[in-house]
Amino acid sequence: MAQRQGARRGRGERVGLSRQQILDAALGLVDRDGLKGLTMRSLGEELGVEAMTLYHYVPNKDALLDGLVEQVFTAAVPAMDGSADWRAALRAYATALREGLLRHPAVLPLATSRPAVTPATLDDIEVLLRLLTAGGFPLGRALHALNSLVVFVIGHATAEAQIVIGAEEAGGADWLAALEAERYPLLVRAASEGVGADDGERFAFALEALLLGFEALR
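Residues numbered from 1 in each chain as written. Predicted model: local features only at pLDDT ≥ 70, side-chain atom pairs only at ≥ 80, totals over all residues. Heavy atoms only, no water.

Chemist: Quick one: what's the story with the pattern of salt bridges, residue by residue and with numbers?
Modeler: In a structure, side chains of opposite charge can pair up when their charged atoms sit close to one another. Considering all chains together, one arrives at twelve salt bridges under this definition. A salt bridge links arginine 114 to aspartate 62; the nearest nitrogen and oxygen atoms lie 3.4 Å apart. Of this pair, arginine 114 sits in the loop between helix H6 (108-113) and helix H7 (119-134) while aspartate 62 sits in helix H4 (residues 61-76), and the two are 52 residues apart along the sequence. A residue is classified by how much of its surface remains accessible, and aspartate 62, at 44% relative accessible area, is partly exposed. Arginine 98 serves as the salt-bridge partner of glutamate 160, at 2.8 Å between the closest nitrogen and oxygen. With glutamate 160 in helix H8 (residues 139-162) and arginine 98 in helix H5 (residues 86-103), the pair connects residues that are 62 residues apart, well separated along the chain. The pair glutamate 160 / arginine 98 is uniform in exposure class, with both members buried. (Salt bridge = Lys/Arg side-chain N within 4 Å of Asp/Glu carboxyl O. Helix = DSSP H or I, 4+ residues; strand = E, 2+ residues; numbered from the N terminus. Buried < 20%, exposed > 50% of the residue type's maximum accessible area, 1.4 Å probe, protein only.)

See the structure below:
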């Protein structure tokens, strides 16, 4: 008897899925429900299959989590658009990575705790290291530069995602502007003028400082 269209597949039965489709669905699920909502069972329900079916494509839960990190990190690499200038390439990569992490904040804890181990992420690391060594970096310093850059981006995105202060809350712009001006003249002035508070500007400033430092130590 032919299987009814849309019916749930049996345990372990292979269906017309791919690893990429599974990772796309997993990323959408954690965007909506957070990491705690991601189980093989919940992902199977999302895709309309039994959980056992997923093991044809991802061997275990750890591989699925590694795949989520891969999704965000590999999406940032095309932003480099083949530039031979390592500064421009790293600037584009870091900017795209920050944007991707902020679009998918549930992946941030994974980015801080799981090393790059999938073939796709390792391929991208190789591309970045090739770019840096071609730009004059010894291999060891190329690794230091790349790791420092990624740690900076993850840390900045984590702070942005977690620290949201209202204008009138402690530390907010209005709160700072109302401080005692004689004691804190520069803080009050900055808050009143709205300078130094934009996350994007702060990120770009620090990124340029990093790139200049890399150039000086290359």
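Chemist: Pulling in residues and values, what's your account of the environment of histidine 56?
Modeler: Structurally, histidine 56 is set in the loop between helix H3 (51-54) and H4. Since its relative accessible area comes to 36%, histidine 56 is described here as partly exposed. For the pair histidine 56 and alanine 120, spaced 64 residues apart in the sequence, the C-alpha separation amounts to 19 Å.

Chemist: With reference to specific residues and values, describe empty space enclosed by the protein.
Modeler: Evaluated as defined, the whole model comprises one cavity of 30 Å³ or more. Considering only enclosed or pocket space, the largest cavity measures out at about 40 Å³ in volume. Together, Asp66, Val69, Arg114, Pro115, Ala116, Val117, Thr118 and Thr121 line the largest cavity. Of the residues in the lining of the largest cavity, the class split is four nonpolar, two polar and two charged. (1 Å grid on protein atoms, 1.4 Å probe; cavity = no way out; pocket = protein on both sides within 12 Å on 5 of 7 lines; lining within 4 Å. Points joined across faces, edges and corners; volume = space filled by probe spheres on them. Nonpolar A, V, L, I, M, F, W, Y, C, P; charged D, E, K, R; others polar.)

Chemist: So, H8: which residues are in play, and what are the values?
Modeler: Counted at 1.5 Å a residue, the expected span for H8 with its 24 residues is 34 Å, and the 35 Å between its end C-alpha atoms agrees. Burial in H8 covers these residues: Ala142, Ala145, Leu146, Leu149, Val150, Phe152, Val153, Ile154, His156, Ala157, Thr158 and Glu160. Here the buried face of H8 lies against H4, H5, H6, H7 and helix H11 (199-217). (Expected span 1.5 Å × (residues − 1). Contact = heavy atoms within 4.5 Å.)

Chemist: Can you explain H11? Please cite residues and give values.
Modeler: Between its first and last C-alpha, H11 extends 27 Å over 19 residues, near the 27 Å set by a 1.5 Å rise per residue. The set of residues buried in H11 consists of Phe203, Leu207, Leu211 and Phe214. One side of H11 holds all its buried residues, which, seen down the axis, span an arc of 65°. Opposite the buried face of H11, by more than 90 degrees, sit the exposed residues Glu201, Phe205, Leu212, Ala216 and Leu217. Measuring from the side-chain oxygen of the N-cap residue of H11 to the backbone nitrogen of glycine 200 gives 3.0 Å; that N-cap residue is aspartate 198. (Arc of directions from axis to C-beta. Polar contact = N/O pair within 3.5 Å; in protein donor to acceptor, adjacent residues only side chain to side chain.)

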